[in-house]
Amino acid sequence: SAHRTVGFIEEMAVYTYSNIIQLMDTPGTKLHEAWSTKEAPEIAKVYWRMDDKATFMDVIKQIAVDETNHRDVNHTFAEMQWHDVNPYVNKHIQDAGKAYDYWKSKNDAVEGKNLDYLMNEKPEPKPQS
């Protein structure tokens, strides 16, 4: 099934990010030299609600956690029948409520749909002729 295939792709992502984390933690490696002292990009801090002092390592670890969740969800869906109840619906609803409450409490929250990944204004799309 498609979910099984995606589950295996996500498994490779988990493996890849785990390897990156190990290399970032190992003095003498190129990734340790290049990334171990980098600050987390602002967009990552906002997206994952990270501390202002978050590092690039924190970002990579968060991505690895996300990929692990994607892997597990897709393998779960691959085992389900069409009439089975989605086991993630209640958690999704709870998480959405928490996210809404969090963003509602922020004074500096911005609508990002017209911003690029660097938080700059996207150019207006050209009209289709």
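Let us look at the structure shown here. Just so it is clear, the structure is predicted and the values come from calculations on it, not from any experiment.

For the rest of this paragraph, the subject is the overall build of the chain. The secondary structure content of the chain amounts to five helices and zero strands. The order of helices and strands in the chain, counted from the N terminus, is α-α-α-α-α. On C-alpha atoms alone, the chain measures out to a radius of gyration of 19 Å, which is more than a quarter above the 14 Å that the 2.2 N^0.38 rule sets for 129 residues. Structurally, the chain occupies a C-alpha span of about 50 × 45 × 40 Å along its principal axes. Expressed as a percentage of the 129 residues in the chain, the buried residues total 20%. Long-range pairs, those at least 24 residues apart, make up 44% of the contacts in the chain between residues at least 6 apart in sequence. Carbon and sulfur atoms make up 55% of the accessible area of the chain, which amounts to about 10200 Å² in all. Charge separation in the chain, taken as the distance between the mean sites of 15 positive and 21 negative side-chain charges, equals 2 Å.

This part is about helix H1 (residues 2-24). Compared with an ideal rise of 1.5 Å per residue, which puts 23 residues at 33 Å, H1 spans 33 Å between its outermost C-alpha atoms and is within 8% of the ideal. All buried positions along H1 are accounted for by Gly 7, Glu 10, Ala 13, Val 14, Ile 20, Ile 21 and Met 24. Those residues of H1 that are buried are in contact with helix H2 (30-35) and helix H4 (56-79).

Over the atoms, a rolled probe matching the size of one water molecule traces out where space is still vacant. By volume, the largest pocket is sized at about 1100 Å³. Taken together, 32 residues form the lining of the largest pocket, with Tyr 47, Trp 48, Arg 49, Ala 99 and Trp 103 sitting closest to its centre. Broken down by secondary-structure element, the contributors of at least two residues to the lining of the largest pocket are helix H3 (42-47), H4 and helix H5 (89-105). For the lining of the largest pocket, the leading source of residues is H5, giving eight residues. Along the lines of polarity and charge, the residues of the lining of the largest pocket split into 16 nonpolar, five polar and eleven charged.

What follows covers a nonpolar patch on the surface. Residues Ile 43, Val 110, Tyr 117, Leu 118 and Met 119 make up a contiguous nonpolar surface patch of about 510 Å² in total accessible area. The topology assignment puts Ile 43 in helix H3. Taking relative accessible area as the criterion, Ile 43 reaches 34% and is therefore assigned partly exposed.

So, on to the environment of Tyr 47. The topology assignment puts Tyr 47 in helix H3. Residue Tyr 47 is classed as exposed on the basis of its relative accessible area, which comes to 59%. In this structure the C-alpha to C-alpha distance between Tyr 47 and His 70, which are 23 residues apart in sequence, comes to 17 Å.

Reading the values: rules and limits
- Residues numbered from 1 in each chain as written.
- Predicted model: local features only at pLDDT ≥ 70, side-chain atom pairs only at ≥ 80, totals over all residues.
- Heavy atoms only, no water.
- Helix = DSSP H or I, 4+ residues; strand = E, 2+ residues; numbered from the N terminus.
- Rg over C-alpha atoms; globule rule 2.2 N^0.38 Å.
- Buried < 20%, exposed > 50% of the residue type's maximum accessible area, 1.4 Å probe, protein only.
- Contact = heavy atoms within 4.5 Å.
- Areas by Shrake-Rupley, 256 points an atom, 1.4 Å probe, with all protein chains shown as cover.
- Lys, Arg positive; Asp, Glu negative; His and termini not counted.
- Charge placed at Lys NZ, Arg CZ, Asp CG, Glu CD.
- Expected span 1.5 Å × (residues − 1).
- 1 Å grid on protein atoms, 1.4 Å probe; cavity = no way out; pocket = protein on both sides within 12 Å on 5 of 7 lines; lining within 4 Å.
- Points joined across faces, edges and corners; volume = space filled by probe spheres on them.
- Nonpolar A, V, L, I, M, F, W, Y, C, P; charged D, E, K, R; others polar.
- Patch = residues over 30% accessible without salt bridge, like charges linked within 9 Å, V, L, I, M, F, W, Y side chains within 5 Å.
- Salt bridge = Lys/Arg side-chain N within 4 Å of Asp/Glu carboxyl O.

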